[in-house]
Amino acid sequence: MRHRHLSTLTLALGVAVLLDVLRVWLPSVITLFGRAAETPAELLGAFALGWFLLALAAPTLVRRVGAAPVGLVAAGVLAVARLALTAQPGGPAQLWSACAGLLAGLIWLAAVAAAVPRPVAGLALGLAGNAVGHALLGTEDLVWRGGVLAWCLSVLLVLTFLAASAARRDRTGAPVAGDAGSRASVPGRRAWLLCGPALLLAGQVALAPAVWSAAAGTGSPDFPGLARPAGGSPLGALAVLLFLAAALFRAPVRLARLLWPSALLAGSVLFVTGRLVPAYLLTAVGLGGCLALTDTATGDDRAAATDERDAVTDERDTDGGRAGARRGRAAALGMLVFAVATVAYYAAYDLGYPNGWAPVATAVLVALVAATAPLRPAPAAPAPTSPARTAPAPAPSGAASPGPVLPAAARVAALAGLTALAGLAAVLHAPVANARATTATAAVRVAAYNIRMGFGLDGRLDLDALARELRGADVVLLSEVDRGWWLNGGHDTLALLAGRLGMPYVFAPAADPVWGDAVLSRFPMRSGQTRRLTAHGAPTGAQALGVTLDLGGRELAVVATHLQPPPGRDPVEQAGEVAAFARRYANGRPLVLGGDLNTEPDDPAFAEFTRTGLVDALAAARPLRTSPADDPRSQIDHVFVSPGLTAGEVRAPRTEASDHLPVTLTVTLP
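K.L.:
Provide a residue-level description of the overall build of the protein, including the pertinent values.
P.N.:
Each helix and strand counted, the protein has 22 helices and twelve strands in total. Across the protein, contacts joining residues at least 24 apart in sequence account for 79% of those joining residues at least 6 apart.

Structure, rendered in structure tokens:
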């Protein structure tokens, strides 16, 4: 393998490993350090940002010691941390292993940036490859799976990454000064600056398999959340195709400067407004195109190969070291942008400001950096160590944008292979079909559970533990459901849990397009409706989801909700809205309403439900404390039924699979 191709492969593998660590680090900060909003948002944000601020010193370290040795050591620490997370998921060990892996990954990025002036192909293949692997796993990472297969695949990934890193180090040549230039003309600086923002937009929108899954609904206005009954959506594969095609292949620069930034901005706005399918397709093609615009080498592949060979050095000399350090600083600053945008997005759920601006602002930054990239690089000065070499001739104004380092055959193979695998993933993980009509039944086993996005008190994503508590239920009402929330690693918790239970589902967004509430049912779901609730000063959005079940000739109305109280207040206004919605939606049919209501039986919000005639289905078992799971003190998870329905076998089994306990009961219709 030629050296410049090895650099692309090493970067792609490293990005994939770093993303694996990030998918554990993000929920670990929230659930273990932050304890899901118990830690002040300011302290949580300072802890998270601190690691990225530390990484700002990496370029200086790289310049003093050398890119190759620093990069190799950092790659080793990143690999060890990645395997440590598989060996010991959960608890403080998970948090600190993820932090160590993150810091090592950031230092590794700075070291690679110092030596690689053309990162676009490697970044694009790393982002797309990791997304496709995540999709093939059903969005449940190898770290959380465990077992022989997970270990084999994890070790294979890590060893391949280390082997590529070591081989690249062995081929590093002597220092040269061919990488000098002004701050404006340093090759690759813009591309490395976009590394962090690209990771965010890819993980949150464009290359998020869970978002692809969440978008695959029926599209019916009166029943928007019902998953497709058979087959997976091919649109995720289309997103991969568009992203790689835009990133790896040339487009006329003047057209690209207008088209790609516009597509990226439109996609980010559509994501915030909840239009997921056009959002991730436009973001994918726009992000890939914007990365391509920052590829600063000329269109002459021979000259590009020479530039790459000269740049991949220890870079201890004065001129080359300055350019490498600038690229390293650009990479570190780009990852700091990633951290600031991510923390700002999450802090909104504690502080109460609109957070839709975070992905939009990130897209604006990417668009500006790409749109203002020079049409052609400044002519390179001849290297002192190679007097005979001359600078490549400048490309004519308006020429095609420079292509990636990889040859055309390799680009086509990568694009076709990853697209095909993404399409295969959609088929392998198709949602459970809606249930068929059943014989008449009068007794329904109901469970209501706040699952905290699938993360237990130990910080692990343990969906098997959740499924054990819900197995045997006919109807499940879920709160805090995650369908690709980047803050929790981008898993489709709802689809994964529904697959384990063999139950179809309906999802309704609340706080943002991929976080909300759901209903799962063994009975056919005939219709549904969702209503967004007024915030009334609450920091997080809330909704009420109504679903009609066919019990074999009889209908049961089910309403799932998760009330969000304003700071220091009872959610009495939202309770009134939900009660009124439920009464209208039931329209005389038997009704079951439940979820995390964040109110105690003696509070005014609780009285809003009983005032409308609903009956406390858990009354016979009170006090029934459900939160926190390790020391239940509060009765905040409830189920109400309409008059005439009777409740029995009420339980709140002890488990630490979430920070709440589930509530289970049998509801009998008259």
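K.L.:
With reference to specific residues and values, describe the pattern of salt bridges.
P.N.:
According to the stated counting rule, one finds 14 salt bridges in the structure shown. A salt bridge links arginine 526 to aspartate 550, with the nearest nitrogen and oxygen atoms 3.1 Å apart. Of this pair, arginine 526 sits in strand S5 (residues 525–533) while aspartate 550 sits in strand S6 (residues 542–550), and the two are 24 residues apart along the sequence. On the basis of relative accessibility, which here comes to 43%, the residue arginine 526 falls in the partly exposed class. Each of the salt bridges in this network shares a partner with another, and the network as a whole consists of Glu140, Arg145, Asp464 and Arg500.

K.L.:
Could you give an account of the sheet that holds strand S9 (residues 615–616), naming the residues involved and the relevant values?
P.N.:
Sheet architecture is open: six strands sit in the order S5-S6-S7-S8-S10-S9, paired in mixed fashion. Pairing within the sheet leaves two strands with one partner each, and these edge strands are S5 and S9. Pairing of S6 with strand S7 (residues 555–562), which is carried by seven bridges, proceeds in the antiparallel orientation. Paired with alanine 544 across the strands is threonine 561, a residue of S7. Against the sheet, helix H22 (residues 604–611) contacts strand S8 (591–596), S9 and strand S10 (637–641), and its axis sits at roughly 15° relative to S10.

K.L.:
An account of the packing of helix H12 (residues 235–248) against helix H14 (residues 276–293) is requested, with residue identities and associated values reported.
P.N.:
In the contact formed by H12 and H14, the axes pass within 6 Å of each other and the chain directions differ by 20°. The orientation of H12 with respect to H14, classified from their angle, is roughly parallel. Considering how the two elements wind past one another, H12 and H14 form a crossing that is right-handed. Across the interface between the two elements, Leu235, Gly236, Leu238, Ala239, Leu242, Phe243, Ala246 and Ala247 from H12 touch Val277, Tyr280, Leu281, Ala284, Val285, Leu287, Gly288, Gly289, Leu291 and Ala292 from H14.

K.L.:
A description of unusual backbone geometry should follow, citing residues and the corresponding values.
P.N.:
A cis amide bond links arginine 622 with the next residue in sequence, proline 623, at an omega value of 0°. Of note, proline 623 is situated in the loop between S9 and S10. The omega angle of the peptide bond from serine 627 to proline 628 is -10°, so this bond is cis rather than trans. Inspection of the secondary structure assignment puts proline 628 in the loop between S9 and S10. One non-glycine residue, asparagine 587, lies in positive phi territory at about 50°. Considering the arrangement of structural elements, one finds asparagine 587 in the loop between helix H21 (572–586) and S8. On the basis of relative accessibility, which here comes to 65%, the residue asparagine 587 falls in the exposed class. The phi dihedral of glutamate 649 falls on the positive side, at around 55°, and the residue is not glycine. Topologically, glutamate 649 is positioned in strand S11 (residues 646–651).

K.L.:
How would you explain the packing of helix H4 (residues 67–87) against helix H5 (residues 91–115) if you had to name every residue and give the values?
P.N.:
Remark: H4 packs on H5, axes separated minimally by 8 Å, with the N-to-C direction vectors making an angle of 155°. The orientation of H4 with respect to H5, classified from their angle, is roughly antiparallel. The interaxial crossing formed by H4 with H5 has left-handed handedness. Where H4 approaches H5, its residues Ala67, Val70, Gly71, Ala74, Ala75, Val77, Leu78, Ala81, Ala84 and Leu85 are matched on the opposing element by Gln94, Ser97, Ala98, Ala100, Gly101, Ala104, Gly105, Ile107, Trp108, Ala111, Ala114 and Ala115. Class assignment of the residues belonging to the contact of H4 with H5 gives a composition of 17 nonpolar, five polar and no charged.

K.L.:
Tell me about the sheet that holds S11, residues and numbers included.
P.N.:
Strand order in the open sheet formed by six strands is S3-S4-S2-S1-S12-S11, with mixed pairing between adjacent strands. Looking at the sheet topology across the chains shown, the edges are occupied by strand S3 (505–512) and S11. Across the sheet, the mean angle separating the axes of adjacent strands is 20° when strand polarity is ignored. Of the pairings in the sheet, the one linking S3 to strand S4 (residues 515–521) comprises six bridges and is antiparallel in character. Bridge pairing links proline 509 to glycine 516 in S4. Here helix H19 (residues 463–470) sits on the sheet and contacts strand S1 (443–450), strand S2 (475–482) and strand S12 (663–668); the angle it forms with S1, its principal contact strand, is near 145°. The strands that helix H20 (residues 493–501) touches are S2, S3 and S4; relative to S2, the one it contacts most, it runs at about 150°.

K.L.:
So, the nonpolar core: which residues are in play, and what are the values?
P.N.:
Judged by nonpolar contacts, the single largest core of 157 residues is most densely connected at Trp25, Trp192, Phe243, Leu244, Leu478 and Leu520. Among all residues touching leucine 478, those that are not within four sequence positions of it are Tyr449, Ile451, Leu470, Leu494, Leu497, Asp517, Ala518 and Leu520. Grouped together as the second largest cluster of nonpolar side chains are 29 residues, Leu477, Val506, Ala617 and Ala652 included.

K.L.:
Describe the environment of alanine 447, with residues and values.
P.N.:
Within the secondary structure, alanine 447 is located in strand S1. For the pair formed by alanine 447 and valine 475, sequence separation is 28 residues and the distance between their alpha carbons is 6.4 Å. Beyond its immediate stretch of four places on either side in the chain, alanine 447 contacts Leu470, Ala473, Val475, Val476, Leu477, Val663 and Thr664.

K.L.:
A description of the packing of aromatic side chains should follow, citing residues and the corresponding values.
P.N.:
By the definition in use, this model includes 16 aromatic pairs. Between tryptophan 144 and phenylalanine 455, the aromatic rings sit 5.8 Å apart at their centres with planes inclined by 80°, giving edge-to-face as the arrangement. In this pair, tryptophan 144 is assigned in helix H7 (residues 142–145) and phenylalanine 455 in the loop between S1 and H19, connecting sequence segments 311 residues apart. Judged by relative accessible area, tryptophan 144 falls into the buried class, the value being 6%. For phenylalanine 455, a relative accessible area of 0% gives the class buried. Here the guanidinium or amino end of arginine 483 rests over the ring plane of phenylalanine 507, the centre of that ring lying 5.7 Å away. Between the NZ or CZ atom of arginine 589 and the centre of the ring of tyrosine 585, over which it lies, the distance is 5.3 Å.

K.L.:
How would you sum up the side chain of arginine 82? Please name residues and give values.
P.N.:
Locating arginine 82 in the fold gives a position in helix H4. Here the side chain of arginine 82 touches serine 154 through a polar contact of 2.9 Å, side chain to side chain. Look past the residues within four positions of arginine 82 in its chain and what remains in contact with it is Val17, Asp20, Val21, Leu142, Val143, Ser154 and Val158.

Reading the values: the criteria
Residues numbered from 1 in each chain as written. Predicted model: local features only at pLDDT ≥ 70, side-chain atom pairs only at ≥ 80, totals over all residues. Heavy atoms only, no water. Helix = DSSP H or I, 4+ residues; strand = E, 2+ residues; numbered from the N terminus. Contact = heavy atoms within 4.5 Å. Salt bridge = Lys/Arg side-chain N within 4 Å of Asp/Glu carboxyl O. Buried < 20%, exposed > 50% of the residue type's maximum accessible area, 1.4 Å probe, protein only. Pairing = 2+ DSSP bridges. Axes fitted to C-alpha atoms, helices over the stretch in contact; angles between N-to-C directions. Parallel < 35°, antiparallel > 145°, perpendicular 65-115°, else oblique. Left-handed = near helix turned anticlockwise from the far one by under 90°. Nonpolar A, V, L, I, M, F, W, Y, C, P; charged D, E, K, R; others polar. Core = buried A, V, L, I, M, F, W, Y, C linked by side-chain atoms within 4.5 Å. Phe/Tyr/Trp six-rings, centres within 6.5 Å; stacked < 30°, edge-to-face > 60°. Lys NZ or Arg CZ within 6 Å of the ring centre and 35° of its normal. Polar contact = N/O pair within 3.5 Å; in protein donor to acceptor, adjacent residues only side chain to side chain.

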